[in-house]
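# Breakdown of the fold
Here are the chains, one letter per residue:
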Amino acid sequence: MKKNDEFYIGYVDEVGTETKTTLKRFVLYSLITLVVVGFLFSFFQETAVNSSFDFNEPTKVSGIYHETPYPMLRVQLADDIYKDILLLGFGKFGPNQYLNAIKSENGSLVNKALTIEGQLIYYNGQTLLEIDDSQKITLSGSVNRNEIKKPSSIGQIELEGEIVDPKCYFGVMKPGFGKIHRSCAALCISGGIPPVLVATNEQETDDYFLLTNLKGEPIHQDILPFIGQPAKLLGELSELGDWKVLKIDVDRIEKLGKASSIY
């Protein structure tokens, strides 16, 4: 041990020169390390997505119910301005278990005015509503005279993208990315949540397409092998309010053999 090594008692002696210098260096290097690590951490993070989930903040939404191709509530925002809200169930299930309880007492709900209390999900202009109790669905009016029309066909289109479940991807799981969420998406879609194709358009922003079979009917089990697999889909494009619908032949989906950018 060096003869001039500093040893002091805090409540008796003053801090020696060598100790002061060592402490200053330690503090300086620690601050520099903290700044560098913070910068690198932020640099490698994914950009926050424009989504929100009103967890534990239920909202009552009133509108006209329709189910072509999936259960939705058409809400009037202003004169000739409507929002089609996609209905979901609690957990990894669609809304049918709750809607069927109401149908058993009142018959078909199509074109009837409903008030539903649930948790709203927002993502890039799309709105979804999670229902967790049939008691939170009530008839709020008579049959609507202006029947909601079926999706209007635009024509054939070929798209490349990935199939996701809109519940987790659109905001319930934030972010809903990574391999673990691929199996989650499969469970959600097999449980009745509609499959959605995420495709990048010419403006390099994402478009979202509800997928159905060629008859415009819901598909769930048949689409499971293609979830999170970059693929090319050919189908008939139509519009239903602010949603785009793509009728496809599942047997003609072409996997592209690329790594998933989502899962």
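Provided above is the structure to which this section pertains.
Okay, so let's go over this structure. (Residues numbered from 1 in each chain as written. Predicted model: local features only at pLDDT ≥ 70, side-chain atom pairs only at ≥ 80, totals over all residues. Heavy atoms only, no water.)

Secondary structure assignment for the protein yields 4 helices and 13 strands. Looking at the 263 residues of the protein, the share that counts as buried comes to 38%. Sequence separation of 24 or more characterises 72% of the internal contacts of the protein that already satisfy a separation of 6 or more. (Helix = DSSP H or I, 4+ residues; strand = E, 2+ residues; numbered from the N terminus. Buried < 20%, exposed > 50% of the residue type's maximum accessible area, 1.4 Å probe, protein only. Contact = heavy atoms within 4.5 Å.)

It is worth spelling out the nonpolar core at this point. Core analysis: the largest hydrophobic core is formed by 42 residues, its most contacted members being Phe 170, Leu 197, Leu 211, Ile 223, Leu 246 and Ile 248. Sequence-distant contacts of Leu 211, that is, excluding residues within four places in its chain, are made with Tyr 70, Ile 163, Pro 195, Leu 197, Ile 219, Ile 223, Leu 233, Leu 246 and Ile 248. Of all hydrophobic cores here, the second largest spans 16 residues; its members include Tyr 65, Val 75, Leu 87 and Leu 129. (Core = buried A, V, L, I, M, F, W, Y, C linked by side-chain atoms within 4.5 Å.)

Turning to the environment of Arg 74, a few remarks are in order. Topologically, Arg 74 is positioned in strand 3 (residues 72–78). The spacing of Arg 74 and Leu 86 is 12 residues in sequence and 8.9 Å in space, taken between C-alpha atoms. Beyond its immediate stretch of four places on either side in the chain, Arg 74 contacts Gly 63, Ile 64, His 66, Tyr 82, Lys 83, Asp 84, Ile 148, Leu 240 and Gly 241. Of note is the side chain of Arg 74, whose polar atom sits 2.9 Å from the side chain of Asp 84. (Polar contact = N/O pair within 3.5 Å; in protein donor to acceptor, adjacent residues only side chain to side chain.)

Its volume calculated, the second largest pocket comes out at about 250 Å³. Lining the second largest pocket are 15 residues; nearest its centre among them are Gly 161, Glu 162, Val 198, Thr 200 and Ser 261. Only strand 8 (152–164) and strand 9 (196–200) provide two or more residues apiece to the lining of the second largest pocket. A per-class count over the lining of the second largest pocket returns 8 nonpolar, 3 polar and 4 charged. (1 Å grid on protein atoms, 1.4 Å probe; cavity = no way out; pocket = protein on both sides within 12 Å on 5 of 7 lines; lining within 4 Å. Points joined across faces, edges and corners; volume = space filled by probe spheres on them. Nonpolar A, V, L, I, M, F, W, Y, C, P; charged D, E, K, R; others polar.)

We now examine the pattern of salt bridges. Counted according to the given criterion, the structure contains 6 salt bridges. In this structure, Lys 167 and Glu 130 form a salt bridge, with 2.7 Å as the shortest nitrogen-oxygen distance. Pair noted here: Lys 167 is in helix 3 (residues 166–172) and Glu 130 is in strand 6 (residues 126–131), with a separation of 37 residues, a long-range link. When sorted by exposure, Lys 167 lands in the same class as Glu 130, which is buried. Salt-bridge contacts for Asp 207 lead to Lys 244; the nearest nitrogen and oxygen are separated by 3.4 Å. In this pair, Asp 207 sits in strand 10 (residues 206–212) while Lys 244 sits in strand 12 (residues 243–248), placing the two residues 37 residues apart along the sequence. (Salt bridge = Lys/Arg side-chain N within 4 Å of Asp/Glu carboxyl O.)

Just geometry here; none of it tells us what the structure is for.
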